[in-house]
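Architecture at a glance
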Amino acid sequence: MSKHAATGPSDGDLPTPRPRRKRVVLADSRAPVTVLRTVTELEEQTSWAEEVVRGFIRTQFRTAVALALLVMLLFGSLPLLFFLIPTMSQVSVAGVALPWVLLGIAPFPLLFGIGYWYNVLAERHERDFVDMVEK
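This report concerns the structure included in the present document. If you're wondering where the values come from, they're calculated on a predicted model, not measured in any experiment. Once a new chain begins, its residue numbering starts again from 1 and follows that chain's sequence as written. The predicted nature of this model means local features are confined to residues of pLDDT at least 70 and side-chain atom pairs, given and counted, to a pLDDT of 80 or more, with totals for whole chains, interfaces and linings taken over all residues. Values reported for side chains reflect all heavy atoms of the structure, with hydrogen atoms and water molecules removed beforehand.

1. What to know about the overall build of the chain
Secondary structure assignment for the chain yields 4 helices and 2 strands. Numbering of helices and strands runs from the N terminus; a helix is a DSSP stretch of H or I covering at least four residues, while a strand is a stretch of E covering at least two. Ordered by position from the N terminus, the helices and strands of the chain form the series α-α-β-β-α-α. Summary of the burial criterion: residues with accessible area below 20% of their type's maximum are buried, those above 50% are exposed, and those between are partly exposed, where the area comes from a 1.4 Å probe applied to protein chains only. Considering the chain as a whole, with its 135 residues, one finds that 16% of them fall into the buried category. For the chain, the proportion of contacts with a sequence separation of at least 24, taken over those separated by at least 6, is 61%. Residue contacts are defined here by distance: any two heavy atoms, one from each residue, within 4.5 Å place the two residues in contact.

Right, here's the structure in full:
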């Protein structure tokens, strides 16, 4: 017969001891107080926390605008370059006119590289923000 049978223990069986209680801790009490205070302020959206988040967003926005301006400067200068140096339109690369190469092929690796660069910078800003919050 199993321990979990519906009938009680027989005369020779000893009652099984109750399992030990386990302590459940909801929060790590060893966490630094400043981290908890900062996280609490961020959750409660105090004026200080709003300013910290606003600064983080401003940094991310500034990075995005700077790289967007770089892309616009690079691609916007191509028509001006073709206008100022008309002989560039007669140059061919592998049988394709240089303007077609610069406008049809070159932008894709360039955009990929700038997008990757933005991603690296954005992750760095996020790490800096988290490090600042945890101090």
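2. Quick word on helix H2 (residues 47–84)
Helix span, as expected, comes to 1.5 Å for every residue beyond the first. The end-to-end C-alpha distance of H2 is 53 Å, a good match for the 56 Å that 38 residues give at a rise of 1.5 Å each. Its maximal kink placed at leucine 78, H2 deviates by approximately 30 degrees, while the proline proline 79 follows within four residues. Among all positions of H2, only Ala49, Val52, Gly55, Gln60, Thr63, Leu67, Val71, Leu78 and Phe82 are buried. Across the chain, bend at a residue is computed as the angle between axes fitted to the seven residues ending at that point and the seven starting from it.

Distances and angles like these do not, on their own, reveal function.
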